[in-house]
Structure formats: structure tokens, C-alpha cells
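Report on the structure
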Amino acid sequence: MKNTRRGLDEALVRFISSEKKEPAWMLERRLASLKIYEKMALPDWGPDLSRLNLDLITYYARASDKPAQTWDDVPADIKETFDRLGIPQAEQSVLAGVGAQYESTVIYHSLKEQFKKLGVVFEDLDVALKTHEELVKKHFMQCVPPSLHKFAALHGAVWSGGTFLYIPRGVKIEAPLQAYFRMNAKGMGQFEHTLIIVEEEAQAHYIEGCSAPRYGIDSLHAGCVEIFVARGARFRYSSVESWSKDAYNLNTKRALVQADAHMEWVGGNFGSNVTMLYPCSVLLGEGASADHLGVAFANSGQIQDTGAKVIHVAPNTSSNVVMKSISKSGGQAIYRGLIDIGPKAANAVSGIKCDALILDDRSVSDTIPRINVKNESAVLAHEATAGQLSAEDIFYLRSRGLSEAQASAMIVNGFIEPIVKELPLEYAVEMNRLVELEMENSVG
Amino acid sequence: MVKRIIQITDKEIKVPAGTEVLLWEVIAPSERGEKIPARRKFLIAEDCVVEHIVIVRGATKKAIKQTRRLELGRGSRLRSYEIFLGAAKLDWTSSSRLADRADFSKQVLFYQSATDELHVQDNYIFAGLGARGQFAVSGVLSGAARARYFSDLAIKAGAQKTEMRIDLKLFLLSPGAQGSLLPGLKIAANDVKAGHSASTFRLSAEELFYLSSRGLREEQIKSLVIRSLADNFTSHLSAAASRQEVAKIFAAYFKQSQ
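1. With respect to the overall build of chain A
- Looking only at helices and strands, one finds 12 helices and 25 strands in chain A.
- Accessible surface, chain A as shown: approximately 16400 Å² in total, 50% of it carbon and sulfur.

2. Quick look at the packing of helix H1 (residues 10–19) of chain A against helix H2 (residues 24–39) of chain A
All names here are of chain A.
- Contact geometry for H1 and H2: axes closest at 10 Å, N-to-C directions at 155°. As far as their axial angle goes, H2 and H1 are roughly antiparallel. Of the two possible hands of crossing, H1 and H2 adopt the one that is right-handed. Here Glu10, Val13, Arg14, Ile16 and Ser17 of H1 lie close against H2, whose contacting residues are Leu27, Arg30, Leu31 and Leu34.
- Partitioning the contact of H1 with H2 into residue classes produces 5 nonpolar, 1 polar and 3 charged.

3. Digging into the packing of aromatic side chains
- Within this structure, the stated rule accounts for 21 aromatic pairs over all chains.
- Summarising the aromatic geometry, the rings of Tyr81(B) and Phe233(B) are spaced 6.0 Å apart at their centres and angled 90° between planes, so their arrangement reads as edge-to-face. Residue Tyr81(B) is located in strand S7 (residues 77–85), and its partner Phe233(B) is located in helix H2 (residues 218–235); the two are separated by 152 residues in the primary sequence.
- Among the aromatic residues, those joined into a cluster by ring pairs are Tyr81(B), Tyr111(B), Phe233(B), Phe250(B), Tyr253(B) and Phe254(B).
- Here the basic side chain of Lys150(A) rests over the ring of Tyr37(A), its NZ or CZ set 4.0 Å away from the ring centre.

4. Remarks on the nonpolar core
- In terms of nonpolar packing, the biggest core is built from 100 residues, with Ile167(A), Ile227(A) and Phe235(A) touching the most fellow members.
- Ranked by the residues each element gives to this core, the list is headed by strand S13 (residues 163–172) of chain B, at 5 residues.
- Filtering out sequence-adjacent residues up to four positions away, Ile227(A) remains in contact with Cys143(A), Ile196(A), Phe235(A), Tyr237(A), Arg254(A), Ala255(A), Leu256(A), Met263(A) and Trp265(A).

5. With respect to H2(B)
- Between its first and last C-alpha, H2(B) extends 26 Å over 18 residues, near the 26 Å set by a 1.5 Å rise per residue.
- Residues Ile221(B), Lys222(B), Ser223(B), Val225(B), Ile226(B), Leu229(B), Ala230(B), Phe233(B) and Thr234(B) constitute the buried set of H2(B).

6. Digging into unusual backbone geometry
Residues and elements named next belong to chain A.
- In this structure, Glu201 is a non-glycine residue whose phi angle is positive, near 60°.
- Within the secondary structure, Glu201 sits in the loop between strand S9 (193–198) and strand S10 (203–211).
- For Glu201, a relative accessible area of 41% gives the class partly exposed.
- For Asn316, which is not glycine, the phi dihedral falls at a positive 55°.
- Tracing the sequence through the fold places Asn316 in the loop between strand S20 (303–312) and strand S21 (318–327).
- Looking at Asn316, the relative accessible area reads 35%, which means it is partly exposed.

7. A word on the confidence of the model for chain B
- In this model, chain B carries an average pLDDT of 89, and 95% of its residues clear a pLDDT of 70 or more.
- Interface confidence in the predicted complex, given as ipTM, is 0.83; pTM for the same model is 0.87.

8. As for the layout of surface pockets
Residues and elements named next belong to chain A.
- Put simply, the largest pocket is a space of about 740 Å³.
- Trp45, His149, Tyr278, Lys309 and Arg336 are, among the 27 residues lining the largest pocket, the residues nearest its centre.
- Secondary structure elements with two or more residues in the lining of the largest pocket: helix H8 (150–158), strand S15 (252–257), S20, strand S22 (332–341) and strand S24 (364–373).
- A per-class count over the lining of the largest pocket returns 17 nonpolar, 4 polar and 6 charged.

9. Examining the state of the cysteines
Residue and element names in this part refer to chain A.
- Tallying each qualifying case throughout the model produces 0 disulfides over all chains.
- Take Cys143: it sits in no disulfide, and the sulfur closest to it among the cysteines is that of Cys280, at 7.5 Å.
- Judged by relative accessible area, which is 1%, Cys143 ranks as buried.
- Left unpaired, Cys224 is separated from the closest cysteine sulfur, that of Cys143, by 7.6 Å.
- Take Cys224: its relative accessible area is 1%, and that puts it in the buried class.

10. With respect to the interface of chain B and chain A
- Opposite the 33 residues of chain B that make contact, chain A presents 31 residues.
- In this assembly, chain B packs against chain A so that about 2500 Å² is buried in total across both faces, 49% of it on carbon and sulfur atoms.
- If you sort the residues of chain B by the area they bury against chain A, Asn190(B), Thr200(B) and Arg202(B) come out on top, with a joint share of 24%.
- At the junction of chain B and chain A, the tally comes to 1 salt bridge.
- The partner of Arg165(B) in a salt bridge is Glu383(A), with the nearest N and O atoms 3.0 Å apart.
- Linking chain B with chain A are 13 residue pairs in polar contact (both at pLDDT 80 or more), by the criterion used here.
- A per-element tally of the side of chain B that touches chain A places strand S14 (residues 178–187) of chain B first, with 10 residues.

11. What about the side chain of Ser242(B)?
Residue and element names in this part refer to chain B.
- Relative to the assigned elements, Ser242 resides in helix H3 (residues 240–257).
- By relative accessible area, Ser242 is classed as buried at 4%.
- Here Ser242 is in contact with Leu22, Trp24, Glu51, Ile53 and Leu237, once residues within four sequence places are set aside.

12. Some remarks on the pairing of strand S18 (residues 280–283) of chain A
All names here are of chain A.
- Side chains of S18 alternate between two faces, with Cys280 and Val282 and Ser281 and Leu283 buried alike.
- Across 4 bridges, the pairing between S18 and S20 is parallel. Each residue of the ladder has a partner; that of Cys280, found in S20, is Lys309.

13. Here we look at H1(A)
Residues and elements named next belong to chain A.
- Looking at H1, one finds that the buried residues are Leu12, Val13, Ile16 and Ser17. Mapping the buried residues of H1 onto a view down its axis gives an arc of 135°, with all of them on the same face.
- Summarising the contacts, the buried residues of H1 are in contact with H2 and H8.
- Once H1 finishes, Lys21 follows within two positions and takes phi at roughly 55°, a positive value.

14. A look at empty space enclosed by the protein
All names here are of chain A.
- Within this structure, the stated rule accounts for 6 cavities of 30 Å³ or more.
- By volume, the largest cavity amounts to about 150 Å³.
- Taken together, 17 residues form the lining of the largest cavity, with Gly267, Asn269, Pro279, Leu293 and Gly294 sitting closest to its centre.
- Residue assignment for the lining of the largest cavity shows that the elements contributing at least two residues are strand S13 (234–242), strand S16 (262–269), strand S19 (289–298) and S20.
- Per-element tally for the lining of the largest cavity: the top contributor is S16, with 5 residues.
- A breakdown of the residues in the lining of the largest cavity according to their chemical character gives 9 nonpolar, 7 polar and 1 charged.

15. Examining the pattern of salt bridges
- This model, assessed by the stated rule, comprises 28 salt bridges over all chains.
- A salt bridge links Arg336(A) to Asp305(A), with the nearest nitrogen and oxygen atoms 2.7 Å apart. Here Arg336(A) is found in strand S22, whereas its partner Asp305(A) is found in strand S20, with 31 residues between them in sequence.
- Take Arg336(A): its relative accessible area is 18%, and that puts it in the buried class.
- The class of Asp305(A) is buried, set by a relative accessible area of 0%.
- The shortest N-O distance in the salt bridge between Glu25(B) and Arg40(B) comes to 2.6 Å. Here Glu25(B), found in strand S3 (residues 20–27), pairs with Arg40(B), found in strand S4 (residues 39–44); they are 15 residues apart in sequence, far enough to count as distant.
- For Glu25(B), a relative accessible area of 0% translates into the label buried.

Thresholds, definitions, all that
- Residues numbered from 1 in each chain as written.
- Chains lettered and ligands numbered in written order.
- Predicted model: local features only at pLDDT ≥ 70, side-chain atom pairs only at ≥ 80, totals over all residues.
- Heavy atoms only, no water.
- Helix = DSSP H or I, 4+ residues; strand = E, 2+ residues; numbered from the N terminus.
- Areas by Shrake-Rupley, 256 points an atom, 1.4 Å probe, with all protein chains shown as cover.
- Axes fitted to C-alpha atoms, helices over the stretch in contact; angles between N-to-C directions.
- Parallel < 35°, antiparallel > 145°, perpendicular 65-115°, else oblique.
- Left-handed = near helix turned anticlockwise from the far one by under 90°.
- Contact = heavy atoms within 4.5 Å.
- Nonpolar A, V, L, I, M, F, W, Y, C, P; charged D, E, K, R; others polar.
- Phe/Tyr/Trp six-rings, centres within 6.5 Å; stacked < 30°, edge-to-face > 60°.
- Lys NZ or Arg CZ within 6 Å of the ring centre and 35° of its normal.
- Core = buried A, V, L, I, M, F, W, Y, C linked by side-chain atoms within 4.5 Å.
- Buried < 20%, exposed > 50% of the residue type's maximum accessible area, 1.4 Å probe, protein only.
- Expected span 1.5 Å × (residues − 1).
- pLDDT = per-residue confidence, 0-100.
- 1 Å grid on protein atoms, 1.4 Å probe; cavity = no way out; pocket = protein on both sides within 12 Å on 5 of 7 lines; lining within 4 Å.
- Points joined across faces, edges and corners; volume = space filled by probe spheres on them.
- Disulfide = S-S within 2.5 Å.
- Buried area = accessible area lost by both parts, 1.4 Å probe.
- Salt bridge = Lys/Arg side-chain N within 4 Å of Asp/Glu carboxyl O.
- Polar contact = N/O pair within 3.5 Å; in protein donor to acceptor, adjacent residues only side chain to side chain.
- Pairing = 2+ DSSP bridges.
- Arc of directions from axis to C-beta.

Structure (C-alpha cells):
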């Protein structure tokens, strides 16, 4: 493991860029982002980030010399971690391709041969910067500009690793492509960049899993996901984020959706001390549509500030947002959303449904759904409810022989079922297990 | 309890415990430029039954701005009706706090046209046990009117058995109108029933076709939408005299704005 020092300055940004042997334009963009980062303040809304000491974060750590193509080439200590996560088995059985990142560097990437032949590109973004430089240059941080917020700017300056996925026109991949990100060192920052380009009439599903062990020192995840969905394409992005409970997960995810294209976000947020994550779809083309499905579980000491943002720019666009949150043992779950119907978005339709379960009297649930309408033909409906576990349901399940904790976990799993059923089986199982884990020691 | 009618002009209004009262409040500045208090406070003591009708009518280009605070005492019941009829610029901030078993229902209707601007921040704090709140807001925007209706409802820790709901509805009747809604909900107690909704509507092509086939022009159809909302709003008032008075105000306003 080769760690750089803590803290951030121009010298470090130049070091990262030279270490990766990047083209000059990328260094220029990094330095421009750094300037924006230095000028921007922390967000004046949302959870308190004042405890996050950005000077104590290690912004770059190299885990391995180069990405491996087979599991045998992966360094033993890293391989052991990913073996335990079951990635090799998943790759063989159900996945179209898989990538894995450890700290700042991608350590494994592979894509099934049949998709390579169709022109699909699925590789480490550092590699893609060399092999597909023009594509990367054209799209990199065009969907999420560094000026969007302080952590987007930070990401633009110190990003490292991540995934580049290119689906050529008309290619349809049924099996999901997968990437797994893991922070293992304490006080680390992880800034992986996921850049996905789905050409016209293409179709694919990409799924990310994220985790980190707990060290008692704050770590930071400020990744970025940019997705370009061209005319008539369909793309599903799923993620199950289970960072350690001393991590700040300040991730930015955005998709630009062209005419008649469809974007789906499916997400589960379980870990982190503080999460601020609001996947965004910008419906740019006529007839574009987006679905946002999400689950957030806020346990003791956690703030899960998650939500969805849909910007309707073009006519005849539609969006559907379904969010579920559970707060327990003093956890705070927040849905923060924005639906913006622009002046030219005639006949836009949007539906938002948020449900919250509050499992005890120490926990908190907030719902902050903002709706901006600038076109008179829009039809939009937001509905939200909050409540607790039904005593009758628990009584019934206990009468069938389940313990109170088992009954509670079963009800919570039923509550999030509409989201979980949209995930591939392995991830659905993982999400259900994460719920059961979070529900341990719960009383009613 | 004997019901009293109070015309509100003061900055602070106190309703003594056990009182049944109708509060009648009209804020309608004229060209003469009467001074509108920047702040107004309502203190409703325990076990009161209150109906509160508020009519804010902007007949001039003068901006209207007011910050209001309401304390609703233990076991008191408040039925509130707020009407905002076009003001060049109307900035309205309201904060209400409900004690144990307080029961508050509020209906709001706003209609803004031309280049009217409405900014409302309507906050509620449920601080006691077993309080109830039911809030329904309907707004109609035409011309190039702008409206922002934000609500922040907080159920404090310990405010168990609270039941509340807020519904925000917005009708945009012209291409230049723009609106923002935010029904924020902050819950720090688990044994509660809480819900909120926000929606925007339009007349569907089928509805417009049907009404057109009955001989109505588009302007008449829009006028019907506004009048039906106004009639529905008025029908909830408990006293016939209040219903007639509010209906007269609506009629005069619509006649003037046509």
C-alpha cells in the first residue's frame, strides 16, 4: 500500500495526475476543480459537516501496480477481502462483467468475451483515459460539473479509479455489470468516478456495491457517477452502499436522459455516519423518463439524508420516485427531494411516494420534498406517510413462533420489498441480510 | 360557552380559557395606505373553540408583509380559513404551536393573477401529546403570477399520539404562471400518524373537450374552476353570515379582476 500524506494542495493534485501519467487536459481540469473547491463553502443546508476535518483525510492511496485481469493476479491480501464478498463466484455465474476497487485504485476488471466483441467497453477509468481518451474527454464531468457543489469540486481535483462503461448503439445486455468499491485504510478518502455512456437504443444494467471497515476515524467517500443515456436507450443503475459507520458518504450521481430514453436508479443506503446522496435525472429529450427507487436505514448515530432529484426540461417527460426509510435507535432518516418542471416541459407527469418507518421514540424521520412547477400542463403528485410497526402485525407473527426481533425484521423487509424486488437476486439477498443485521437487538 | 365575534385590529389577540369565539380578520390595504402590523400574535388559552377567518386582499400595488405567531392551548379547537386574493407582493410567515390535545384544522385558498407574487412560510410545531392537525391548501395561478408555499411541520420528541396531515394543491391556469410547493415534515416521535401530499393539476384534454362541447369558452372554464374552489371553500364555514360575507368578497374580487 502506498499512501500519500494527509490534506490537499496543488502539489498533491499534480502528484496524482503524474502518478497516473494522465494527459495534460486532465491535469488542467483537476487544477481548475481544485480552485473551485478552495473557493466554495460547505453546504449551508442538510446535516452538520463541521466535524469532518478535511485536513485529516488521505486523498490518494495506491493499492496495486496495475489492474489484474484474473483473480490469480490480484494481491493476496486484497483477494482475500473480495473472495469473502463472493465476487469471483458472482462473476462466473450471473455477471456480464465485474470491476473491483480497493482504496483509490482499481485492482480487477473483466468483461465477458461476448460483450467485448459487440464493442462494449468496461474498464478502469484510469485505463479508459488512455484507451478511449476522446470519449472520456468529451464526457468527463460534463454531467456533474465541479461547480455543482464543494464535494463535486473536490472530486474533480482528486478523483481516482472507478469505472468506464460504454454500451454501443443497439447493444442490449441482460445480465448486470458489477463494480465493488472498498475503503480499507483508516482516515481514507475514496473518490472513484463512474462514467457510463449508453448509446442510442442500447440497454444495460450496472450495479455497484460499496463497503469499508470501521476504524473510529472519519473517512470520506465523495464519489461521482455520470450517466449519459442516449435517444431510445434504457439504463438501470443499482447500488447497495454499506460504508462503515464512521464514514461520510457525500456522493454525487447524475444522469442526462435524451429523447425516449429511460433511466432507473435503484439504491439501498445502510452504512455511513452521514450520507448525503440525491441521485438526479435530467430529462433533456422529449419522451424521456426516469424511475428512482430507494431505501435508507438510519441506525444509532447515523444520518441518512437521501432522496431524488428530477429535472424535467423537455415535453412529455415523466418520472416516478418511490423512497422508503427506516429509522431506529436514535437514527435520523431524511428524504430530501426536488422535482423541477421547466417552462418547456409541457405535459410532464411526476409521481413521488415516500414512506417512513420510525421504530422507536428516539429516532427521527424528516421529509423535505420540494416541487417547482413552471409549466401549467404538468401533473404532479407527491404523497408521504410516516408511522411505526403495527403492534397487531408483531403480535400475529409472534403467535406464529417468531421472536419480536425476527417479527420486526420480517415486517421491515416487507416494507422495503417494492425496492428490493428490483435488484438482482444476490443483491436482494444482501439487502435483506443488511436489514436483519441492522434490526439485531431491536425491540419492537 | 357563549360565542363572541371579534374583529381583529390589534397586534396581539388573546382568547381566554373556555371561550367560544369567531375571529374575523380582513387585511386589505387601500390606496390611502393604512399601516398593516408587521407582526401579529394569537394566544388561545385552554379549552377554547375558535373559528378564525382571515381574508388578505391586495387591491393595490402595495406589498403586504406579516409574520404571525399562534399558540393553541391544551384541549382547544381551532378552525381556521385563510384566503389570499392577489397582491402585487405578499410575504406571509406563520408559526403555530399546538399544546396537548389541541385540534387545529386550516383551509387555505389563494388566487393570484397578472404579476402577483405570493410567498408563504407556514410552520407548525406539535409539542404536546395527542394533538391533531389537518391542513389543506389550494392555490390557483393565472397570468404570470408566482407563488411559493412552503410548510414545515415538526412533531417534537414526546409528542406521541399526534395525528396530522397536510395537503397542498396547485392549479396553474396559464403558461406564464409558476409555483413552488414544499410540505416539509420532521418527526421525532414514533407513535404518530403523519402524512402529507403536494400536487399540481390541470384540466385534461377530455375535460376541456367536454366543457367546450357544452358551449363554454376556455376563459369561462377557467373561471368556473376558480369559482368552484371558492364555493367549496366557503361551504365549510360554520355560520351562514360568514358564508355570505366571504362569498360577497369572492364575487367582488372576481368581478374586479375580470
